[in-house]
Amino acid sequence: MWTLDTFIISFFIYSFIGWCREVVYCSVPKKRFVNRGFLFGPYLPIYGSGAMVVLTLLRPFHDRWYLVFIFGVISTSIIEYVTSWALEKIFKVKLWDYSNHPININGRVCELNSTLFGLLSLFLVYVADKPVSAWVAKISDFWLEPLAMLIVAVLSADFATSVVKMSAFRKA
């Protein structure tokens, strides 16, 4: 399975892939670049968190795709709901609102996105996991810990800077 270092590196990779997915998903309809997320860098930790939860919980169901889909929908929807709620309570900001979607829960999650996240869970478990895990496994043991520490430092600095920026924005 994972060591703490490989977990952090995998989390970061999936956060970056999620950022790319979100940028394409939001930029194509608007025909302009849309940088999504709360942080400055090209990563969305909500996707990294979702990927790591899905892989941790759903690998045992690999032989039953329908359970991967159903539990993928449920687990990622919980993450999305809790993240939305926390951002709103802590920072008084609503980064997404699905209130105009037909089936939604408090505008925080909706049927469309939950279904897409279920499909992404299938993609993650059956397609992306093997090459990403193989790539991380190729990283020399010498570099694993320094790379993981660098990732934690960058994410921590970005988070701290973003919190300060958000606080200044709220005051203004």
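Presented here is a report on the structure given in the accompanying data block. (Residues numbered from 1 in each chain as written. Predicted model: local features only at pLDDT ≥ 70, side-chain atom pairs only at ≥ 80, totals over all residues. Heavy atoms only, no water.)

1. Details of the side chain of Ser84
Here's step 1: With respect to the helices and strands, the residue Ser84 is situated in helix 3 (residues 65-91).
Here's step 2: Beyond its immediate stretch of four places on either side in the chain, Ser84 contacts Trp96 and Arg108. (Helix = DSSP H or I, 4+ residues; strand = E, 2+ residues; numbered from the N terminus. Contact = heavy atoms within 4.5 Å.)

2. Re helix 4 (residues 111-137)
Here's step 1: Approximately 55° is the largest bend angle found in helix 4, and it occurs at Ala128, with the proline Pro131 only one to four residues beyond.
Here's step 2: Inspection of helix 4 places Asn113, Ser114, Phe117, Gly118, Ser121, Leu122, Leu124, Val125, Ala128, Asp129, Val132 and Val136 among the buried residues, and these make up the whole buried set. (Bend = angle between axes of the 7 residues up to and from the residue. Buried < 20%, exposed > 50% of the residue type's maximum accessible area, 1.4 Å probe, protein only.)

3. Details of the packing of helix 1 (residues 4-30) against helix 4
Here's step 1: Their axes nearest at 11 Å, the elements helix 1 and helix 4 cross at an angle of 135°. As judged from the angle between their axes, helix 1 and helix 4 are oblique. In this structure, helix 1 meets helix 4 at a crossing whose hand is right-handed. Contact residues: Thr6, Ile9, Ser10, Ile13, Tyr14, Arg21 and Tyr25 in helix 1; Leu112, Asn113, Leu116, Phe117, Leu120, Leu124, Ala128, Asp129, Val132, Trp135 and Val136 in helix 4.
Here's step 2: Among the residues making up the contact of helix 1 with helix 4, the classes are represented as 13 nonpolar, three polar and two charged. (Axes fitted to C-alpha atoms, helices over the stretch in contact; angles between N-to-C directions. Parallel < 35°, antiparallel > 145°, perpendicular 65-115°, else oblique. Left-handed = near helix turned anticlockwise from the far one by under 90°. Nonpolar A, V, L, I, M, F, W, Y, C, P; charged D, E, K, R; others polar.)

4. Digging into the pattern of salt bridges
Here's step 1: Overall, the coordinates contain five salt bridges when judged by the stated rule.
Here's step 2: Here Arg21 ties to Glu22 by a salt bridge, and the two come within 3.0 Å at their closest N and O atoms.
Here's step 3: Taking the relative accessible area as the measure of exposure, Arg21 reaches 24% and is therefore partly exposed.
Here's step 4: In this structure, Asp129 engages Arg59 in a salt bridge whose closest nitrogen and oxygen atoms are separated by 2.7 Å. Of this pair, Asp129 sits in helix 4 while Arg59 sits in the loop between helix 2 (45-58) and helix 3, and the two are 70 residues apart along the sequence. (Salt bridge = Lys/Arg side-chain N within 4 Å of Asp/Glu carboxyl O.)

5. Quick word on unusual backbone geometry
Here's step 1: You will see that Lys31, though not glycine, has its phi angle at about 55°, which is positive.
Here's step 2: Looking at the element boundaries, Lys31 is found in the loop between helix 1 and helix 2.
Here's step 3: For Lys31, a relative accessible area of 77% puts it in the exposed group.
Here's step 4: Of note in the backbone geometry, Asn106 takes a positive phi value of approximately 55° without being a glycine.
Here's step 5: Relative to the elements of secondary structure, Asn106 occurs in the loop between strand 1 (104-105) and strand 2 (109-110).
Here's step 6: Owing to a relative accessible area of 52%, Asn106 belongs among the exposed residues under this scheme.

6. Brief notes about the packing of helix 2 against helix 3
Here's step 1: In the contact formed by helix 2 and helix 3, the axes pass within 10 Å of each other and the chain directions differ by 145°. As helix 2 packs across helix 3, the resulting crossing turns out to be right-handed. Contact with helix 2, carried on its side by Ile46, Ser49, Gly50, Val53, Val54 and Leu58, involves Val68, Phe71, Gly72, Ser75, Thr76, Ile79, Glu80 and Thr83 of helix 3 and no other residues of that element.
Here's step 2: Taken together, the residues of the contact of helix 2 with helix 3 sort by class into seven nonpolar, six polar and one charged.

On their own, these measurements won't tell you what the molecule is for.
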